[in-house]
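# Structural description and commentary
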Amino acid sequence: EYPEAALRYGLQGRLSLEFSIGSSGQLEQLRMTRSSGYQVLDEEALRAIKAAAPFPPIPSWIKPIPLSISASMEYSDNRLNYRVTR
């Protein structure tokens, strides 16, 4: 979800994080590797990953376990901004 405060103030950004998932789908580690520059966006990205857990169990043929995932998230406010000039 796009945080309401971020929408209100037009905050946008891209961040990177890493997390690992254990064999039964539990979230084992989660860390921010690159901040968006805005705490509210960073916290929402971390909250979203935590809320998605537990994940489906990892099939036995996927190695290594825990499964490490690197991801990036981009928050972009696509609303049109109009400026009046005289």
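Structure first, text after, so check above.
Summary of the structure given here. (Residues numbered from 1 in each chain as written. Predicted model: local features only at pLDDT ≥ 70, side-chain atom pairs only at ≥ 80, totals over all residues. Heavy atoms only, no water.)

Attention now goes to unusual backbone geometry. Residues Lys63 and Pro64 are joined by a peptide bond in cis, for which omega reads -5 degrees. The topology assignment puts Pro64 in the loop between helix H2 (39-52) and strand S3 (67-75). With an omega of 10 degrees, the peptide bond between Ile65 and Pro66 qualifies as cis. With respect to the secondary-structure elements, Pro66 resides in the loop between H2 and S3. (Helix = DSSP H or I, 4+ residues; strand = E, 2+ residues; numbered from the N terminus.)

Next up on the list: the pairing of strand S1 (residues 13-21). Across the nine residues that make up S1, a large majority, seven, are buried. With nine bridges joining them, S1 and S3 adopt antiparallel strand pairing. What sits directly across from Ser16, in S3, is Ser72. Bridging between S1 and strand S2 (residues 27-34) involves six bridges; their strand directions are antiparallel. The partner of Ser20 across the bridge, within S2, is Gln29. Hairpin connection from S1 to S2: five residues lie between these consecutive antiparallel strands, with Gly25 at a positive phi of about 100 degrees. (Buried < 20%, exposed > 50% of the residue type's maximum accessible area, 1.4 Å probe, protein only. Pairing = 2+ DSSP bridges.)

Let us look at the packing of aromatic side chains. Centre distance and the angle of the planes are the two values used to describe a pair of aromatic rings. Going through the model one piece at a time under the given rule, you end up with two aromatic pairs. Ring geometry for Tyr2 against Tyr75: centres 5.5 Å apart, planes inclined by 85 degrees, an arrangement best described as edge-to-face. With Tyr2 in the segment before helix H1 (4-9) and Tyr75 in strand S3, this pair connects stretches of sequence that are 73 residues apart. (Phe/Tyr/Trp six-rings, centres within 6.5 Å; stacked < 30°, edge-to-face > 60°.)

Remember, this is a structural readout, not a statement about activity or role.
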